[in-house]
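Here's the letter readout for the chains.
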Amino acid sequence: MDNIRYASSIRAELRASHAGETGAVWIYRGILLVNRIKRDSDIDTFAQHHLATEKDHLVQFENLIHRFRGSALLVIWIFAGFMMGALSMMLGKNWVYYTIYQVESFVDVHYRQQINTLSKLEFLDKTDIIKMMEACNADEQAHRDEALKEMKNEPHFMMRIWGKLVATGSHYAVVLAKLL
Ligand SMILES: [Fe+2]
Ligand SMILES: [Fe+2]
């Protein structure tokens, strides 16, 4: 294994995505834990499938961890992801689909910005890393579209407030994870 550490701007981008993929894994774990009581088979299939994809994304970032430092706030991203998943499942399946739709919409924009930023820089394995991010983002877009398709009715007022909270929270999580 090489012991190259990337320049700080690249480390910050990788740290934010690693934190995001960690949070994503825990969103689905939160959903699935609450679903052990609720036993909704649609949610089970949906969340198991997404969880497997997010674990795969996380492993890909873990494989690069010697080139950046994982977020010092990782435990917070785990907790926040878990709570987001668990809470939405407690409220109902439409909340779950709407939460995932909001999170993945945010992630799509974020990955695209990140790919754009990284394209302008030079670093080791740049092509592979950008390809990896593009592949991850294709999955996130599929997750987003799947969640939207599963929504049975329009989000009501409280759900839209929650959606704003999720989007704002994700924004600040990225800002923080880049720094810490
Ligand atoms: Fe992901
Ligand atoms: Fe995803």
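The coordinates are above.
These numbers were taken from a predicted model, which means no experiment stands behind them.

About the thresholds
- Residues numbered from 1 in each chain as written.
- Chains lettered and ligands numbered in written order.
- Predicted model: local features only at pLDDT ≥ 70, side-chain atom pairs only at ≥ 80, totals over all residues.
- Heavy atoms only, no water.
- Helix = DSSP H or I, 4+ residues; strand = E, 2+ residues; numbered from the N terminus.
- Rg over C-alpha atoms; globule rule 2.2 N^0.38 Å.
- Buried < 20%, exposed > 50% of the residue type's maximum accessible area, 1.4 Å probe, protein only.
- Contact = heavy atoms within 4.5 Å.
- Core = buried A, V, L, I, M, F, W, Y, C linked by side-chain atoms within 4.5 Å.
- Donors = N, O, S within 2.8 Å, 3.2 Å for Na, K, Ca; no water.
- Tetrahedral: all angles 85-135°; square planar, octahedral: opposite > 155°, others 65-115°.
- Axes fitted to C-alpha atoms, helices over the stretch in contact; angles between N-to-C directions.
- Left-handed = near helix turned anticlockwise from the far one by under 90°.
- Nonpolar A, V, L, I, M, F, W, Y, C, P; charged D, E, K, R; others polar.
- Phe/Tyr/Trp six-rings, centres within 6.5 Å; stacked < 30°, edge-to-face > 60°.
- Lys NZ or Arg CZ within 6 Å of the ring centre and 35° of its normal.
- Polar contact = N/O pair within 3.5 Å; in protein donor to acceptor, adjacent residues only side chain to side chain.

**Things to note about the overall build of the chain**
Stage number 1. Along the backbone of the chain there are six helices and zero strands.
Stage number 2. Written out in order from the N terminus, the α and β elements of the chain read α-α-α-α-α-α.
Stage number 3. Relative to the compact-globule value of 16 Å for 180 residues, the chain shows a C-alpha radius of gyration of 16 Å, a close match.
Stage number 4. C-alpha atoms of the chain, sized along the principal axes, occupy 45 × 25 × 25 Å.
Stage number 5. Sorting the 180 residues of the chain into buried and exposed places 47% on the buried side.
Stage number 6. Look at the contacts in the chain between residues 6 or more apart in sequence, and 86% of them connect residues 24 or more apart.

**A word on the nonpolar core**
Stage number 1. Counting residues in hydrophobic clusters, the biggest one holds 41 residues, and the most contacted among them are L14, I31, I100 and M133.
Stage number 2. When residues of this core are traced back to their parent elements, those giving at least two are α1 (8-38), α2 (41-62), α3 (74-91), α4 (93-119), α5 (126-150) and α6 (157-179).
Stage number 3. It is α4 that contributes the most residues to this core, 10 residues altogether.
Stage number 4. Setting aside chain neighbours within four positions, we find I100 in contact with I27, Y28, I31, F46, H50, H143 and A147.
Stage number 5. Counting residues in each nonpolar core, the second largest holds six residues, with A16, A19, W77 and V174 among its members.

**Focus: the coordination of the iron ion (ligand 1)**
Stage number 1. Taken together, E21 (OE), E21 (OE), E54 (OE), H57 (ND1) and E140 (OE) make up the full set of protein donors to the iron ion (ligand 1), lying 1.9 to 2.7 Å away.
Stage number 2. Mapped onto the sequence, the residues coordinating the iron ion (ligand 1) show the spacing E-x32-E-x2-H-x82-E.
Stage number 3. Between the iron ion (ligand 1) and the iron ion (ligand 2) the interatomic distance comes to 3.7 Å, and E54 is a ligand of both metals. Of this pair, H57 sits in helix α2 while E140 sits in helix α5, and the two are 83 residues apart along the sequence. We note that H57, like E140, is buried.

**Structural notes on the coordination of the iron ion (ligand 2)**
Stage number 1. Protein coordination at the iron ion (ligand 2): the donors are E54 (OE), E104 (OE), E140 (OE) and H143 (ND1), at 1.8 to 2.4 Å from the metal.
Stage number 2. Given four donor atoms and angles of 82 to 121 degrees at the metal, the environment of the iron ion (ligand 2) is assigned as irregular.

**Regarding the packing of α1 against α3**
Stage number 1. Where α1 meets α3, the axes come as close as 7 Å, and the angle between the chain directions of the two elements is 35 degrees. Note that α1 runs across α3; the crossing there is right-handed.
Stage number 2. Of the residues contributing to the contact of α1 with α3, the split by class is 15 nonpolar, eight polar and two charged.

**Some thoughts on the packing of aromatic side chains**
Stage number 1. Scanning the entire structure with this criterion turns up five aromatic pairs.
Stage number 2. Judged by centre distance (6.5 Å) and plane angle (25 degrees), the rings of Y98 and Y101 are stacked. One end of the pair, Y98, and the other, Y101, are both in helix α4, three residues apart, so they sit about a helical turn from each other.
Stage number 3. Lying over the aromatic face of W26, R29 brings its terminal NZ or CZ to 4.7 Å of the ring centre.

**Considerations on the environment of H18**
Stage number 1. Considering the arrangement of structural elements, one finds H18 in helix α1.
Stage number 2. For the pair H18 and G70, spaced 52 residues apart in the sequence, the C-alpha separation amounts to 7.1 Å.
Stage number 3. Dropping the residues within four chain positions of it, H18 is found in contact with L58, F61, E62, I65, F68, G70 and L74.
Stage number 4. Separated by 2.9 Å, the side chains of H18 and E62 make a polar contact.

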